[in-house]
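A look at the structure
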Amino acid sequence: MDIKQVAVIGGGTMGNGICHVFAMNGIPVNLVEMEQELADKAVETIDKNLERMVNKEKIDAEQKVQTLENITTFTNTIEAVKDADLVIEAVPENFEIKKQVFADVDKAAPEDSILATNTSSISITKLAATTSRPEQVVGMHFFNPVPVMKLVEVVRGLDTSDDVVETVDETARLLNKNPVEVADYPGFVSNRVLMPMINEAICCVHEGVADPEDIDDVMKLGMAHPMGPLRLADFIGLDVCLDILNVLHEGFKDPKYRPSPLLVKMVDAGKLGDKTGEGFYEH
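Residues numbered from 1 in each chain as written. Predicted model: local features only at pLDDT ≥ 70, side-chain atom pairs only at ≥ 80, totals over all residues. Heavy atoms only, no water.

Things to note about the layout of surface pockets
Note the following rule: Residues are said to line a cavity or pocket when one of their atoms sits within 4 Å of a point; the points come from a 1 Å grid over protein atoms alone, cavities being sets where a 1.4 Å probe fits but cannot get out and pockets being open sets with protein on both sides within 12 Å along at least five of seven lines. Grid points are joined across faces, edges and corners, and a volume is the space filled by probe spheres set on the points. Where helices and strands are cited, they refer to DSSP runs of H or I of at least four residues and of E of at least two residues respectively, numbered from the N terminus. Basically, the charged four are Asp, Glu, Lys and Arg, the nonpolar ten are Ala, Val, Leu, Ile, Met, Phe, Trp, Tyr, Cys and Pro, and anything else, Gly included, counts as polar.
Space inside the second largest pocket adds up to approximately 420 Å³. Of all the secondary-structure elements, those providing two or more residues to the lining of the second largest pocket are helix H1 (13–24) and helix H2 (36–55). Ranked by residue count, the leading element in the lining of the second largest pocket is H2, at six residues. Its residues assigned to classes, the lining of the second largest pocket shows five nonpolar, seven polar and five charged.

This is the structure we're talking about:
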């Protein structure tokens, strides 16, 4: 199946990044947000990121213009998905929100459309079961920043068909991404490995083992990580980290995934990292 029209539900950090890479590779994208102001903000972010690429001579001005022309904004999901070959959900990491999006998309998208989710931890099988087409539901987990990061985790639910996985793999390659197929377990591979490390780093802060800068320096200088776990947590969003850890904790019933009390407290205080200007660092 050739993907000729894409719809992306959600224009936040991940959603606008996904729109960016599809549009830049010549595939028309319908970007859906709840309000036109939010949709315009998403396109403005894409515009700025493209301009940065022009300044670095990675693309030319004409490619920037063409990329933006490939993006159409919508505030109506039904209209946005009615002709889409691939719909990608990129709303907050909350099952009830995603469930409602999938219910709306399932009713409105063509029968042969692939329904993908950019979830970083929630069960693909559970989301697929809320639709009438579980064999066409798949995880397509991009990484932030989407225009830069090469990995796409392709997550196969219990009923996901081989044809759908193959199409998503091929589509990821068209975007100059490297698809890696993984099974449907909480956190998949990326966050099942990453989030316990971030959580343990937070525990080290909580217990007074070292301050955030020193913990990050240990991991950067000793383990060759390009970014320390606490700086990465701020970049991801502490609320997102907490959501993922809660999914892991609930999914595996294993106390090793229990979120640090400090993480819970910081999220309760609204200190979410880059997005609020304060987390383990001031931004």
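Having put the structure on the table, let's press on.
Let's talk about unusual backbone geometry
We count it as follows: Throughout, exposure labels follow a simple rule: accessible area from a 1.4 Å probe, protein chains only, divided by the maximum for the residue type, with under 20% read as buried, over 50% as exposed, and the rest as partly exposed.
At the junction of asparagine 144 and proline 145, the peptide bond is cis and its omega measures out at 0° in the coordinates. Mapped onto the elements, proline 145 comes out in the loop between strand S6 (137–142) and strand S7 (151–156). With a phi close to 55°, phenylalanine 188 is a non-glycine residue in the positive phi region. With respect to the helices and strands, the residue phenylalanine 188 is situated in the loop between strand S8 (178–183) and helix H8 (190–206). Accessibility expressed as a relative area gives 4% for phenylalanine 188, which makes it buried. Of note in this structure, lysine 253 is not a glycine but carries a positive phi near 55°. Positionally, lysine 253 belongs in the loop between helix H11 (238–252) and helix H12 (261–268).

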